[in-house]
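# Observations on the three-dimensional arrangement
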Amino acid sequence: MDAPGISFRQWAGRLAEQACGPDRVAELDRWLAVVGEGDRRLGERALDPARDTAAGMARVSVPVTGQQADGLLVAAPAAFHCGVHEVLLAGLTAALAAWQQRRGRAVGAGFLVDVEAHGREPLAEGMDLSRTVGWFTNVYPVRLHPGGADLDQVRAGGPAAGALLKAVKEQARAVPGDGLGFGMLRYLNPDTSQQLAGAPIPQIGFNYLGRFATGGPAGRAGGAGRDGSWQPAGQGALGGDVDLGVPAGHVLEAAAVVHDRPAGPELTLTLSWPEGVVTGPAGQQLAQAWAAMLTGLAPH
C-alpha cells in the first residue's frame, strides 16, 4: 500500500502555522464583514444552552425524487456552473425569505449561515491528501440574501429562479479563500480570536452530506454493495450520534443527502430545531417551502 502523502497530524500542524501568517490575517476584515451585525431573529426566543439540547430537537424530512431530483443534481449545476450545495442553498434562501414574510418578519440583511464543508484542502502546492485518513470538516459563515427575487416566480420555475441561483452562488463564493481561514483566525490565532469570538453567531447550520449509492441484498444498507463498493453503515452513521445533553448550535439545522435508488436519485431534505425555539408547524412550513423552491428551480 502506498504511504500517505502527509499525515493528518502534519496537516493540522501546518494549519496552526498558517493561522498566524500574513495571508490568513489579511482575511480578518472580510470575515468580519460577512458576519456583520448578525441577522433578524428566526426563533420565538433566543437559544438557551441549558434548555435547548440535542435531546429536545425536533426533525422533519422531505424527499425530492424523479425529474425534480435529476434537475437539481445534474441539470442545474451544469447550466449554472455551480455545485449541488449552491443549488440547495439557493432554495433554502428563498424558502427562508418566504417563511419570514409569512410570519410578518422582514428579511433585513439576509441570513447568516454556517456552511459545513469537507475541509480536505491542501495547504501548500503539491500537498497530497488523497490517502490521508482523518476528519477534515470545515465550518464557515456565509451571508445569503434573495435580493429582489419574486418568490412566487421562483416557486413556479420562472426567470426569477435563475436570477436567484446566480445571486446565491456568487454570495456563497464571496468568502475569503478556501473558507478555512475563519476557523484558523477564530481558534488558532490568539491575536484575532477575540475579535471573531465577539462576532454574531449564525442561527442556521447547513450541511450537504453528499451522494451515496444504495446497494446490498434486498436494498440493505451497510457493508458492501453487490459490486463490493462501500455503503453507508445504516441509521445514525451519517453525522453520528451525539450526547443528548449537548447544547443546540443553531436555531435551524438544514441538511441534505442523495441516495441513488434503483428507480433514480432521491434527495432528502432535513430540518431540525430545538422544540420551543421554533414551533412544529413553523418548522414543517419551512421544510415544505424549501422543497417547493427547489422543485421550482429544477425545471428552470
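As shown above, the structure is provided for reference.
I will try to describe carefully the structure that is included in this document. (Residues numbered from 1 in each chain as written. Predicted model: local features only at pLDDT ≥ 70, side-chain atom pairs only at ≥ 80, totals over all residues. Heavy atoms only, no water.)

## Notes on the overall build of the protein
Here is the rule: Helix and strand definitions follow DSSP, with helices as H or I runs of at least four residues and strands as E runs of at least two, each counted in order from the N terminus. For every residue, the accessible area obtained with a 1.4 Å probe (protein chains only) is divided by the maximum for its type, and the residue is called buried under 20%, exposed over 50%, and partly exposed between those limits. Areas reported here follow the Shrake-Rupley algorithm with a probe of radius 1.4 Å; residue values treat only the protein chains shown as occluding.
A count of helices and strands for the protein gives 10 helices and 6 strands. Evaluated residue by residue, the protein yields a buried proportion of 45% over its 300 residues. Element-wise, carbon and sulfur atoms account for 54% of the exposed surface of the protein, whose accessible area totals about 14,900 Å².

## A short note on helix H8 (residues 180-188)
Owing to its 3.6 residues per turn, the α-helix brings residues three or four apart onto one side. Quick note on the threshold: Residues count as neighbours in contact if any of their non-hydrogen atoms are within 4.5 Å of one another.
Turning to H8, its buried residues number three or more, namely Leu-180, Gly-181, Phe-182, Met-184 and Leu-185. Tucked into the core, H8 has its buried residues touching helix H1 (8-19), helix H2 (22-25), helix H3 (28-35), strand E3 (138-144) and helix H9 (193-197).

## A short note on the nonpolar core
Heads up, the condition is: By nonpolar core is meant a set of buried Ala, Val, Leu, Ile, Met, Phe, Trp, Tyr and Cys residues that side-chain atoms within 4.5 Å join together.
Ranked by internal contacts, the top residues of the largest apolar core, which has 67 residues, are Leu-88, Phe-206, Leu-252, Leu-269 and Trp-290. For this core, the element with the most residues is helix H5 (residues 84-102), which contributes 12 residues. Contacts of Leu-269, omitting those with residues within four sequence positions, involve Val-60, Ser-61, Val-62, Val-64, Leu-88, Ala-255, Ala-256, Trp-290, Ala-291 and Leu-294. Within the second largest apolar cluster, 10 residues are counted, among which are Trp-11, Ala-19, Leu-123 and Met-184.

## Let's talk about the pattern of salt bridges
We count it as follows: Definition used for salt bridges: Asp or Glu carboxyl oxygen within 4 Å of a side-chain nitrogen of Lys or Arg.
The tally for this structure, following the rule as stated, stands at 10 salt bridges. Between Arg-24 and Asp-178 there is a salt bridge; the shortest N-O distance is 3.1 Å. Taken together, the positions of Arg-24 in helix H2 and Asp-178 in the loop between helix H7 (159-172) and H8 put the pair 154 residues apart, joining distant regions of the chain. Across the salt bridge formed by Glu-44 and Arg-105, the nearest N and O atoms sit 3.8 Å from each other. With Glu-44 in the loop between H3 and strand E1 (57-64) and Arg-105 in the loop between H5 and strand E2 (111-117), this pair connects stretches of sequence that are 61 residues apart. We classify Glu-44 as partly exposed; its relative accessible area is 39%. Residue Arg-105 is classed as partly exposed on the basis of its relative accessible area of 21%.

## Here we look at the environment of Asp-39
Spelled out, the test is: Contacts described as polar in this section are N or O atom pairs within 3.5 Å, which, within protein, must combine one atom able to donate a hydrogen with one able to accept it, while residues neighboring in sequence count only if both atoms come from side chains.
Tracing the chain through its elements places Asp-39 in the loop between H3 and E1. Setting aside residues no more than four positions away along its own chain, Asp-39 makes contact with Gly-110, Phe-111, Leu-112, Arg-143 and Gln-203. A polar contact is formed between the side chain of Asp-39 and the backbone nitrogen of Leu-112, at a distance of 2.8 Å. Within the structure, the side chain of Asp-39 is placed 2.7 Å from the side chain of Gln-203, a separation counted as a polar contact.

## Quick word on the side chain of Glu-27
As for its placement among the helices and strands, Glu-27 is situated in the loop between H2 and H3. When sequence neighbours within four positions are dropped, the list of residues in contact with Glu-27 reads Pro-176, Gly-177, Gly-181 and Leu-185.

## A word on the sheet that holds strand E4 (residues 204-213)
Applicable threshold: Between any two strands, at least two bridges found by DSSP are needed for them to pair. For helices, the axis comes from a line fit to the C-alpha atoms of the stretch in contact; other axes are also lines fit to C-alpha atoms, and the angle between any two N-to-C directions lies between 0 and 180 degrees.
The strand order E1-E6-E5-E4-E2-E3 describes an open sheet built from 6 strands, whose pairing is mixed. Looking at the sheet topology across the chains shown, the edges are occupied by E1 and E3. Sheet twist, expressed as the mean angle between neighbouring strand axes with direction ignored, is 25 degrees. As paired strands, E4 and strand E5 (residues 252-261) are joined by 9 bridges and run parallel to one another. Each bridged residue has a counterpart across the sheet, and for Ile-204 the counterpart in E5 is Leu-252.

## Comments concerning the packing of H5 against helix H10 (residues 280-297)
To keep things clear, this is the line we draw: Here roughly perpendicular refers to angles of 65 to 115 degrees, roughly parallel to angles under 35, roughly antiparallel to angles over 145, and oblique to all remaining angles. Crossings are sorted by hand: turned counterclockwise from the far helix by less than a right angle, the near helix makes the crossing left-handed, and turned clockwise it makes it right-handed. When residue character is reported, Ala, Val, Leu, Ile, Met, Phe, Trp, Tyr, Cys and Pro are called nonpolar, Asp, Glu, Lys and Arg charged, and the others, Gly included, polar.
Running from N to C, H5 and H10 cross one another at 130 degrees; their axes reach a closest spacing of 8 Å. In terms of orientation, H5 lies oblique with respect to H10. The two elements H5 and H10 cross, and the hand of that crossing is right-handed. Judged by residue contacts, Val-87, Leu-88, Ala-90, Gly-91, Leu-92, Ala-94, Ala-95, Leu-96, Ala-98, Trp-99 and Arg-102 of H5 engage Ala-282, Gln-285, Leu-286, Ala-289, Trp-290, Met-293, Leu-294 and Leu-297 from H10. Its residues placed into classes, the contact of H5 with H10 shows 16 nonpolar, 2 polar and 1 charged.

## A short note on the packing of H1 against H8
As a packed pair, H1 and H8 sit with axes 9 Å apart at the nearest point and diverge in direction by 75 degrees. When the axes of H1 and H8 are compared, the pair comes out roughly perpendicular. Side by side, H1 and H8 meet where Trp-11, Leu-15, Ala-16, Gln-18 and Ala-19 of the first sit next to Leu-180, Met-184, Leu-185 and Leu-188 of the second. For the contact of H1 with H8, a count of residues per class yields 8 nonpolar, 1 polar and no charged.

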